[in-house]
Amino acid sequence: MKRPRPRGAFPLEYSATLPNSKASQQRIVAPATIASSEKGKCKKYLLRIIAKLSSLIFILVILSLVPKITEIATLYNKTSNDTLVSKKPSIISYKLIRGYQRNNTFDPYYICKADKFFGPRIATSPIFLQKGVLDFDTEISTSLKIIVLGDSVGIQFSQALQEAAGAQMPNRHVLKYSWRKHEGVHLAQPVRGGGAVAGYRITGMFTMKQKDNHFQLAPVPGGGWVQEHVDMLKNAMMNNSKISPSVITEPSLKNSADFDVLIMQFPYGWLERPKEQLFTHEIIMEAIHTSYTVFGVKTIILQTVPVQNNVENLHRELVTINNAISDFVKDYIPPKDGSGVQCVMLMDVAFLSLSLFVHNAVGLKLVSTSALDVLHKPISTREKERELVHYLNSTLAKRLNCCHPEYKEIVAFSCGESVADPSNTKYCQRNIYTNDGMHWCMNTTSGRIHGALACLLRCRYEYEFEGQVLRDCEHDCNDRYMTLNPIDFHEGFELLNY
């Protein structure tokens, strides 16, 4: 006979409602089901613990970043004119002013006035008149001691920088003239902010072997420089007194001073051919070491070589040379012991000149409008440079019959009008950005040139960026100013991103 099961003894994983019982509505669960339910509760509990731990870890990470975020917020705090400053005294600051043009106060030779034969200069492209392109200037305030090393273009840059930094004529000293009234060594001190801006003319790569070479000083090629002139400059800066532009035989070095920053404008027009062979890593490094040894600078800004009359082949010369300069800056490693030049940066003047060149050439109908599309391609600057050169290189053959016997002016770069027979034409009505195919019209380009310079120096001295962050900041400065991208203004001042 089959033994009856005791009440409540049910098969595994089975549940039922007991009939005829006070607990007739109560659900009865087997032991295995109870165990399974407890396991589910444990799993949910563990998941809740893991979620809480994840939240806690996230909060800890955020808290660890608070000091850095606070530091960045302090560093990037905007002033009322949108120029960023930290709480410490500003080393360099700047603002952009629309509708203001430099007077070229210290530059009597390369002022872009209306042409005496053909009248006003011509804006050959609509972009030249677009808001935020060439209609502003830069006002700089700095406590840095800056020197510009280069040929007549470098001297033009330093003269314009002195004006941008608010130099006054009584505080400006010409220590040496290269010939006639062409300045060779000059200094403005103090400038706005208490710093100094100097210029030193040279006609070759800056090397120690050319020290005291009096036979290759400007206006003779070769790159000679004289220690005595350097000592005069340093003494004038330290003593802050006006010195007569004459030879001082025994300068006192007791109060000599070093510069903070050197801007190197390579004297391309004076270099021997093949010029591209003078821009090796070793030769540029020698110029860097010489700059530190002579002027004591810790920061150097290398300018790329722009379009100019002396160029015979844009691809062979400028593309090759500017690639070499860019690679040098990117690969430069400062001495680990803190000596020598600690920072080398790039100011891409070449790309600004190519942007102006291509718009001018298209405006004169010497180049296809498709060349302008290159400027907006999502490729690197050096790649854009190569593609622009493909369009522009052929225009170098059409030159005016003036004025240098060897390197005549390029119609597509210098002129504001088409020229039917360049080889039999001596003059043309000029455009608005170059004086003579070599020097710049600072009344239209100064805003971008000095905006780029001040922006780069802020990356270095205000934000104290290093490594890849410094390179990103450098790229943004060049992309903003060494192009023709319109500047975004608000109440007359630029809205800065840094």
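Everything that follows concerns the structure shown earlier in this document.
Residues numbered from 1 in each chain as written. Predicted model: local features only at pLDDT ≥ 70, side-chain atom pairs only at ≥ 80, totals over all residues. Heavy atoms only, no water.

(A) Fine view of the pairing of strand β7 (residues 261-264). Where burial is concerned, the two faces of β7 agree: the one with V261 and I263 and the one with L262 and M264 are both buried. Examined bridge by bridge, strand β3 (residues 145-150) and β7 share four bridges and lie parallel to one another. Residue pairing across strands places V148 opposite I263, the latter belonging to β7. Relative to strand β8 (residues 299-303), β7 runs parallel, the two sharing four bridges. Each residue of the ladder has a partner; that of M264, found in β8, is L302. For the crossover that starts at β7, traverses helix α4 (residues 281-295) and ends in the parallel β8, the hand is right-handed. (Buried < 20%, exposed > 50% of the residue type's maximum accessible area, 1.4 Å probe, protein only. Helix = DSSP H or I, 4+ residues; strand = E, 2+ residues; numbered from the N terminus. Pairing = 2+ DSSP bridges. Right-handed = clockwise from strand over helix to strand, strands pointing away.)

(B) View of helix α2 (residues 152-164). In this model, α2 (13 residues) spans 18 Å end to end at C-alpha, consistent with the 18 Å of a helix rising 1.5 Å per residue. Counting buried positions over the 13 residues of α2 gives 13, a clear majority of the element. Where α2 begins, one side-chain oxygen reaches toward the backbone nitrogen of V153, 3.0 Å away; that side chain belongs to D151. (Expected span 1.5 Å × (residues − 1). Polar contact = N/O pair within 3.5 Å; in protein donor to acceptor, adjacent residues only side chain to side chain.)

(C) Up close: the environment of G222. Inspection of the secondary structure puts G222 in the loop between β6 (196-201) and α3 (227-239). For the pair G222 and T203, spaced 19 residues apart in the sequence, the C-alpha separation amounts to 5.7 Å. The residues touching G222, leaving out its near neighbours within four places in the chain, are T203, G204, Q210 and Q216. (Contact = heavy atoms within 4.5 Å.)

(D) Local environment of the packing of helix α9 (residues 442-461) against helix α10 (residues 467-481). At a minimum axis distance of 9 Å, the contact between α9 and α10 shows a crossing angle of 165°. Compared by their axis directions, α9 and α10 come out roughly antiparallel. Remark: the crossing between α9 and α10 carries right-handed chirality. Packed against α9, whose contacting residues are R448, G451, A452, C455, L456, C459 and R460, the element α10 presents L470, C473, E474, C477, R480 and Y481 at the interface. Split into classes, the residues belonging to the contact of α9 with α10 amount to eight nonpolar, one polar and four charged. (Axes fitted to C-alpha atoms, helices over the stretch in contact; angles between N-to-C directions. Parallel < 35°, antiparallel > 145°, perpendicular 65-115°, else oblique. Left-handed = near helix turned anticlockwise from the far one by under 90°. Nonpolar A, V, L, I, M, F, W, Y, C, P; charged D, E, K, R; others polar.)

(E) Region of interest: the pattern of salt bridges. This structure, assessed with the given rule, holds 15 salt bridges. Of the charged contacts, one joins R98 and D135 as a salt bridge, the two residues approaching to 2.6 Å between their closest N and O atoms. With R98 in strand β1 (residues 92-98) and D135 in the loop between β1 and β2 (136-142), this residue pair connects regions lying 37 residues apart in the sequence. Judged by its relative accessible area of 34%, R98 falls in the partly exposed class. In this structure D135 comes out as partly exposed when scored by relative accessible area, which is 22%. A salt bridge links D327 to K330; the nearest nitrogen and oxygen atoms lie 3.8 Å apart. (Salt bridge = Lys/Arg side-chain N within 4 Å of Asp/Glu carboxyl O.)

(F) A look at the nonpolar core. Counting 119 residues, the largest nonpolar core has F295, L302 and F357 as its most contacted members. The biggest single contributor to this core is α9, with ten residues. If we ignore the near neighbours within four places in the chain, the residues touching F295 are I147, Y200, F206, V230, L233, K234, D258, F259, L262 and T290. Formed by five residues, the second largest nonpolar core is a distinct cluster that contains V411, C415, V419 and C428. (Core = buried A, V, L, I, M, F, W, Y, C linked by side-chain atoms within 4.5 Å.)

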